[in-house]
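Structure at a glance
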Amino acid sequence: MSTFLENKTILITGIAGFIGHALAKNMTRLGYKVVGIDNLNDYYDVDLKLARLKDIGLSGPFENHKQLKSEKSQITFYKADLRDSAFLKTLFNEYGFKQVINLAAQAGVRYSIVNPQTYIDSNISGLVSLLEACKDFNVERVLFASSSSVYGSRFEGPFTENNNTDYPVSLYAATKKASEVIVHSYTSLYGIQAIGLRFFTVYGPWGRPDMAPMKFLNKMLNGEKIEIYNNGQMTRDFTYIEDVVEIVSRVITFPINSFSDYELFNIGSSKPIKLMDFVHVLEEVSGITAKKEYLEMQLGDVTLTHSDSSNVLGKAGIDKHKFKKLEEGLKELVLWNKTINR
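Right, let's walk through the structure included here. (Residues numbered from 1 in each chain as written. Predicted model: local features only at pLDDT ≥ 70, side-chain atom pairs only at ≥ 80, totals over all residues. Heavy atoms only, no water.)

The next point concerns the side chain of Ser70. Looking at the element boundaries, Ser70 is found in the loop between strand E3 (68-69) and strand E4 (75-79). For Ser70, a relative accessible area of 12% translates into the label buried. Looking at Ser70, its side chain comes within polar contact range of the main-chain nitrogen of Lys72, at 3.2 Å. Once residues within four sequence positions are removed from consideration, Ser70 is found in contact with Ile56, Gly57, Leu58 and Ile75. (Helix = DSSP H or I, 4+ residues; strand = E, 2+ residues; numbered from the N terminus. Buried < 20%, exposed > 50% of the residue type's maximum accessible area, 1.4 Å probe, protein only. Polar contact = N/O pair within 3.5 Å; in protein donor to acceptor, adjacent residues only side chain to side chain. Contact = heavy atoms within 4.5 Å.)

Most of strand E12 (residues 262-267) sits out of view: 5 of its 6 residues are buried. Examined bridge by bridge, strand E7 (residues 193-199) and E12 share 6 bridges and lie parallel to one another. Along E12, the bridge assignment pairs Phe199 with Ile267. (Pairing = 2+ DSSP bridges.)

Overall, the coordinates contain 16 salt bridges when judged by the stated rule. The salt bridge partner of Arg110 is Asp301, with a shortest N-O separation of 2.8 Å. With Arg110 in the loop between strand E5 (99-102) and helix H4 (111-114) and Asp301 in the loop between strand E14 (291-295) and helix H10 (310-316), the pair connects residues that are 191 residues apart, well separated along the chain. Accessibility expressed as a relative area gives 32% for Arg110, which makes it partly exposed. With a shortest N-O distance of 3.7 Å, Lys177 and Asp166 are connected by a salt bridge. Here the residue Lys177 occupies a position in helix H6 (residues 171-190), and Asp166 occupies one in the loop between strand E6 (141-147) and H6, the gap between them amounting to 11 residues. Residue Asp166 is classed as partly exposed on the basis of its relative accessible area, which comes to 48%. Each of the salt bridges in this network shares a partner with another, and the network as a whole consists of Asp81, Arg83 and Asp121. (Salt bridge = Lys/Arg side-chain N within 4 Å of Asp/Glu carboxyl O.)

Further remarks concern the side chain of Ser286. One can find Ser286 in helix H9 (residues 275-286). Owing to a relative accessible area of 15%, Ser286 belongs among the buried residues under this scheme. Among the polar contacts listed, one links the side chain of Ser286 to the backbone oxygen of Glu283, at a separation of 3.4 Å. Reaching out from Ser286, the side chain makes a polar contact with the backbone nitrogen of Ile288 at a distance of 3.3 Å. Each residue touching Ser286, except ones within four places of it in the same chain, is listed here: Leu217, Met220 and Val334.

Orientation of helix H1 (residues 18-29) relative to helix H8 (residues 241-253), taken along the N-to-C sense of each, is 60°, at an axis distance of 10 Å. Put simply, H1 runs oblique to H8. As H1 runs across H8, the sense of the crossing is right-handed. Mapping the contact onto sequence places Phe18, Ile19, Ala22, Leu23, Asn26 and Met27 in H1 and Ile241, Val244, Val245, Val248, Ser249, Ile252 and Thr253 in H8. Per-class residue counts for the contact of H1 with H8 are 10 nonpolar, 3 polar and no charged. (Axes fitted to C-alpha atoms, helices over the stretch in contact; angles between N-to-C directions. Parallel < 35°, antiparallel > 145°, perpendicular 65-115°, else oblique. Left-handed = near helix turned anticlockwise from the far one by under 90°. Nonpolar A, V, L, I, M, F, W, Y, C, P; charged D, E, K, R; others polar.)

This next bit is on the packing of aromatic side chains. The tally for this structure, following the rule as stated, stands at 21 aromatic pairs. Between Phe92 and Phe97, the aromatic rings sit 5.2 Å apart at their centres with planes inclined by 85°, giving edge-to-face as the arrangement. Judged by its relative accessible area of 1%, Phe92 is buried. Residue classification places Phe97 among the buried positions, given a relative accessible area of 1%. For the ring pair Phe216 and Phe278, a centre distance of 6.4 Å and an interplane angle of 50° mean the geometry is tilted. With Phe216 in helix H7 (residues 212-221) and Phe278 in helix H9, the pair connects residues that are 62 residues apart, well separated along the chain. By relative accessible area, which is 4% here, Phe216 ends up buried. Judged by its relative accessible area of 0%, Phe278 falls in the buried class. (Phe/Tyr/Trp six-rings, centres within 6.5 Å; stacked < 30°, edge-to-face > 60°.)

Note on placement: Gln99 falls in strand E5. Taking the C-alpha atoms as reference, Gln99 lies 11 Å from Val34; in sequence the two are 65 residues apart. A polar contact is formed between the side chain of Gln99 and the side chain of Arg141, at a distance of 3.2 Å.

Our next topic: the nonpolar core. With 71 residues, the main nonpolar core has Phe199 and Phe278 as its most contacted residues. Excluding residues that lie within four positions of it along the chain, Phe278 makes contacts with Pro213, Phe216, Phe238, Ile273, Leu326 and Leu330. In terms of nonpolar packing, the next biggest core, distinct from the first, is built from 19 residues, Leu91, Val100, Ala133 and Val142 among them. (Core = buried A, V, L, I, M, F, W, Y, C linked by side-chain atoms within 4.5 Å.)

None of the figures reported here should be taken as evidence of function without further support.
As structure tokens, this is what we get:
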């Protein structure tokens, strides 16, 4: 295994997603060539996914397995599903990836209650298909998206990577826990270095419309009620997208011997805030008083997320005080929303 990853062409799955789009932009700024794949599913508005692709210079028509090259950056895109092992074999054979970043997944805790099979298909079957390709084509490092949801229902924080994660409270969380275990087995069997990224409530421009920051803002702008679960008695560790991308980019660009064969990292601001306080900050920066509807706790939800990210920050050489403050991040979100909707 090499000390440095000399092949600067990387694969990013889920490139039309929130984190995938932002990471792809940053990696090209760092001199990498990016190959991205995404199945463009309709879990949330496909137009937003297409707008993200357009932002990085990719225009349709988006046909299965058709190569599209960005008009303004070193990004190549294919519409494809991770379960299509024959296509993955062709792709890996053509590009010779040494590093793969798997951000493709079926997201959403509540959706997993009503559509469980989708999570098995995407988060388990798709992952195994990708890992088989990594094994067959001698990929050196795999980064993969996990989630703060693996910590289950905990009432005290911060959460550290060595906390017990054997008791997920949603199928989504269970598939993320399963993904960590499955990837570990490939590390043990085939010597692929693997790094799991436990993301904590990522928000910012281009964010997911099913998550509170974007969902609340859109409803407030439209004069609709925002739904506040558990009567607002929840706390979340909101983490700005640029901070997430900086951390992940550093992990990608570090030498192979900077990390052990298998690592799990929390990616969070470590600044949890109560949901009602979050709403008040959003009201302040948007200049809109939200209409509120208070609802009971939802199945599969948790009352607290609180990251201890000191492990990855120390290894990546990032000052923990550098994280963007929530007020600043929400101002960026509101400004972007106004710009994109002109």
